[in-house]
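Here's the letter readout for the chains.
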Amino acid sequence: VSVLAIDIGGTKMAAAIVDADGTVVRRDRTPTVPADPWPAFAEMLDVLVDSEPIEGVGIGCGGPMTWPAGEVSPLNIPGWRDFPLRARLAERYPGVPVRLHNDAIAFAAAEHWKGAGQGVNDMIGMVVSTGVGGGLVLGGHIVDGASGNAGHIGHVVADPDGPVCVCGGRGCLEAIARGPATVAWARERGSTAVDGPSLAGLAAAGDEVARAALARSGRAVGGVVGSVAALLDVRIVVVGGGLSQSGPAFWEPLQEAFGAQARLPYLAGARVVPPGLGGDAALVGAAALVLAGDRYWSAD
Ligand SMILES: [Zn+2]
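What you see is a predicted model, and the numbers here were worked out from it, not measured in a lab.

What follows deals with the nonpolar core. Met126 and Val221 are the most contacted members of the largest nonpolar core, which has 38 residues in total. Counting residues per element, the ones that place at least two in this core are strand E9 (123–128), strand E10 (132–138), helix H4 (173–177), helix H5 (179–188), helix H6 (196–204), helix H7 (208–232), strand E12 (236–240) and helix H8 (248–261). Here this core gets nine residues from one element, more than from any other, and that element is H7. Those residues in contact with Val221, other than ones at most four positions away along the chain, are Met126, Val128, Leu173, Ala177, Val239, Phe250 and Leu254. Counting 33 residues, the second largest nonpolar core, distinct from the first, contains Val3, Ala16, Ile142 and Ala286.

Here you go:
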């Protein structure tokens, strides 16, 4: 059994053939063409799939989207507004399941299926990068919510007096901790950092502003995760995404804030951990929607 797994992001589109045990057999990627991504995307799929029979298609895509219909409007792809991605792929690959979910839920599924959350019944998988998103596994199954957005931890309030968020609310975790906000906070204080990796590099070299910026974001993540862990009674929270690769300057304040917040006795065994899968998590999670659909797919 092998399936076609697809990860749609704002800067690149990745696809892979994934076999039944979650191994990526073959892969390709192409830069996202924001105005009209379909031609290059379809060509990549044709080369990748070639003559090999596939037994399903799983897609992780940036939101917003309608779910499970799979009409997508990714923020960074203006050419796709209410684009019927799931239906278009179902036409292209008739007779097999075609399943699409948001990329943060795909990440959570991947980490539960083959990553740091293996064998745990209750976990949060979250991503701190350009945005902050997440997915929930409770009782061993992905929780979708009414619109497919359950687990969207980025809009939990981290600071009621904090900055206004893109969602219109105030003080959301995303508004404080997302990579661009973290870099902007440092730049307002004189830092020369231009992106997450350069900020992490400065912090590793001992730069105080860079360290303070990453500590602020890490603390915000740790505090919110501690609160949400209490709400959901989870045992593992996997924190991935670009900013999670910033090293101890991010992780130590995160763990400290988590420990300070998650104090109820039933949370004694709860841990926050980095991802078990590397860059393949998005593709493995997309594949899991088909290959382990009993746990990660509940729609038609
Ligand atoms: Zn928000």
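This part takes up the packing of aromatic side chains. With the rule as written, the count across this model stands at six aromatic pairs. Both rings, one in Trp38 and one in Phe41, keep their centres 5.5 Å apart while their planes meet at 65°; by these two values the pair is edge-to-face. Of the two residues, Trp38 and Phe41 both sit in helix H1 (residues 38–49), three residues apart, roughly one turn of that helix. Here Trp38 and Phe41 have matching classes, each one buried. Here Trp80 and Phe83 contribute two aromatic rings whose centre-to-centre distance is 4.5 Å and whose plane-to-plane angle is 0°, an arrangement assigned as stacked. Among the aromatic residues, those joined into a ring-pair cluster are Trp38, Phe41, Trp80 and Phe83. When the ring centre of Trp38 is taken as reference, the NZ or CZ atom of Arg88 above it lies at 4.4 Å. Across from the ring centre of Trp185, 3.9 Å away, lies the NZ or CZ of Arg189, which sits over that ring.

Coordination sphere of the zinc ion, protein contribution only: His155 (ND1), Cys165 (SG), Cys167 (SG) and Cys172 (SG), at 2.0 to 2.3 Å. Angles of 105 to 118° at the metal separate the four donor atoms of the zinc ion, which places the site in the tetrahedral class. When the donor residues of the zinc ion are listed from N- to C-terminus, their spacing reads H-x9-C-x1-C-x4-C. Separated by twelve residues along the polypeptide, His155 in the loop between strand E11 (141–143) and H4 and Cys167 in the loop between E11 and H4 bring together distant segments of the chain. By relative accessible area, His155 is classed as partly exposed at 28%. Residue class for Cys167 comes out partly exposed when judged on its relative accessible area of 45%.

Spatial strand order, E3-E2-E1-E4-E8: five strands in an open sheet with mixed pairing. Lying at the two open borders of the sheet, with one neighbouring strand each, are strand E3 (24–31) and strand E8 (98–102). Ignoring which end each strand starts from, the neighbouring axes of this sheet average 15° apart. Here strand E2 (residues 12–19) pairs with E3 via seven bridges, running antiparallel. Across the sheet, Ala14 pairs through a bridge with Arg29, a residue of E3. Against the sheet, H1 contacts strand E1 (2–8), E2 and E3, and its axis sits at roughly 20° relative to E2. Where helix H3 (residues 103–113) meets the sheet, its contacts fall on E1, strand E4 (57–61) and E8, and the angle it forms with E8 comes to roughly 105°.

Mapped onto the elements of the fold, Ser2 is located in strand E1. Among all residues touching Ser2, those that are not within four sequence positions of it are Ile17, Val18, Asp19, Glu52, Pro53, Ile54, Glu55 and Gly56.

In this section: the pattern of salt bridges. With the rule as written, the count across this model stands at six salt bridges. When the shortest N-O distance is used, the salt bridge between Asp7 and Lys12 registers 3.5 Å. With a relative accessible area of 11%, Asp7 lands in the buried category. A salt bridge links Glu188 to Arg189; the shortest N-O distance between them is 3.5 Å. Judged by its relative accessible area of 64%, Glu188 falls in the exposed class.

Moving on: the packing of H5 against H7. Taken N-terminus to C-terminus, the directions of H5 and H7 make an angle of 145°; their axes are 9 Å apart at the nearest point. Note on packing geometry: the crossing formed by H5 with H7 is right-handed. Here Thr182, Trp185 and Ala186 of H5 come into contact with H7, specifically with Val209, Ala212, Ala213, Leu214, Arg216 and Ser217. In the contact of H5 with H7, the residues fall into six nonpolar, two polar and one charged.

Basis of the calculations
Residues numbered from 1 in each chain as written. Predicted model: local features only at pLDDT ≥ 70, side-chain atom pairs only at ≥ 80, totals over all residues. Heavy atoms only, no water. Core = buried A, V, L, I, M, F, W, Y, C linked by side-chain atoms within 4.5 Å. Buried < 20%, exposed > 50% of the residue type's maximum accessible area, 1.4 Å probe, protein only. Helix = DSSP H or I, 4+ residues; strand = E, 2+ residues; numbered from the N terminus. Contact = heavy atoms within 4.5 Å. Phe/Tyr/Trp six-rings, centres within 6.5 Å; stacked < 30°, edge-to-face > 60°. Lys NZ or Arg CZ within 6 Å of the ring centre and 35° of its normal. Donors = N, O, S within 2.8 Å, 3.2 Å for Na, K, Ca; no water. Tetrahedral: all angles 85-135°; square planar, octahedral: opposite > 155°, others 65-115°. Pairing = 2+ DSSP bridges. Axes fitted to C-alpha atoms, helices over the stretch in contact; angles between N-to-C directions. Salt bridge = Lys/Arg side-chain N within 4 Å of Asp/Glu carboxyl O. Left-handed = near helix turned anticlockwise from the far one by under 90°. Nonpolar A, V, L, I, M, F, W, Y, C, P; charged D, E, K, R; others polar.

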